[in-house]
Amino acid sequence: MQHAIAAVALLVRDYDEAIAFYTGCLDFQLVEDVLQDDGRRWVLVSPPGGSQTRLLLSLASTAEQDACVGEQGGGRVFLFLHVDDFYARYRIMSERGVRFLERPREEPYGTVAVFEDLYGNRWDLMQPREPGAE
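Residues numbered from 1 in each chain as written. Predicted model: local features only at pLDDT ≥ 70, side-chain atom pairs only at ≥ 80, totals over all residues. Heavy atoms only, no water.

As recorded in an unreviewed UniProt entry, the protein chain goes by the name VOC family protein, listed as coming from Dyella mobilis.

The structure is reproduced here in structure tokens:
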């Protein structure tokens, strides 16, 4: 029996601005945008390349949820975006206004830089090292 994380819920303040950020700045694909009976929307985005894991953009609907928008990782890196050409993706994202909190750095596990999404959630942009690479 195989298991997989299908989606991670990410609190947002506005569906359309979140869709615009993820599709326009990070090149994610809009997988679903369905209006539900209660007026909420079921919005799924996915990184390019056929990733099985998706983000469910969930509209914050209470004061408690609104306070958590941008703070879902408690100030730590919360999500990790793996890419196969780090410097090309870093350049494109920078040109599109994505805010990087540091310059790219080399780590034993790969090339990485922390960036923030439009709400302040921290992400690692990372190109993992090939196994056995020096």
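Draft legend 1. Inspection of the sheet that holds strand 3 (residues 41-46) at higher detail. Ordered in space as 1-4-3-2, the 4 strands form an open sheet in which the pairing is mixed. Here the strands that pair on one side only, and so sit at the sheet edges, are strand 1 (7-12) and strand 2 (29-35). Adjacent strand axes in the sheet meet at a mean angle of 25°, parallel and antiparallel pairs treated alike. Bridge count between strand 3 and strand 4 (residues 54-59): 3 bridges; the pairing is antiparallel. Considered in strand 4, the bridge of Val45 is made with Leu55. (Pairing = 2+ DSSP bridges. Helix = DSSP H or I, 4+ residues; strand = E, 2+ residues; numbered from the N terminus. Axes fitted to C-alpha atoms, helices over the stretch in contact; angles between N-to-C directions.)

Draft legend 2. Quick peek at the pattern of salt bridges. Counted by the stated rule, this structure contains 11 salt bridges. For Arg89, the salt bridge identified is with Asp27, shortest N-O distance 2.8 Å. Taken together, the residues span a long stretch of sequence, with Arg89 in helix 3 (residues 86-95) and Asp27 in the loop between helix 1 (15-24) and strand 2 at a distance of 62 residues. What makes Asp27 partly exposed here is its relative accessible area of 22%. (Salt bridge = Lys/Arg side-chain N within 4 Å of Asp/Glu carboxyl O. Buried < 20%, exposed > 50% of the residue type's maximum accessible area, 1.4 Å probe, protein only.)

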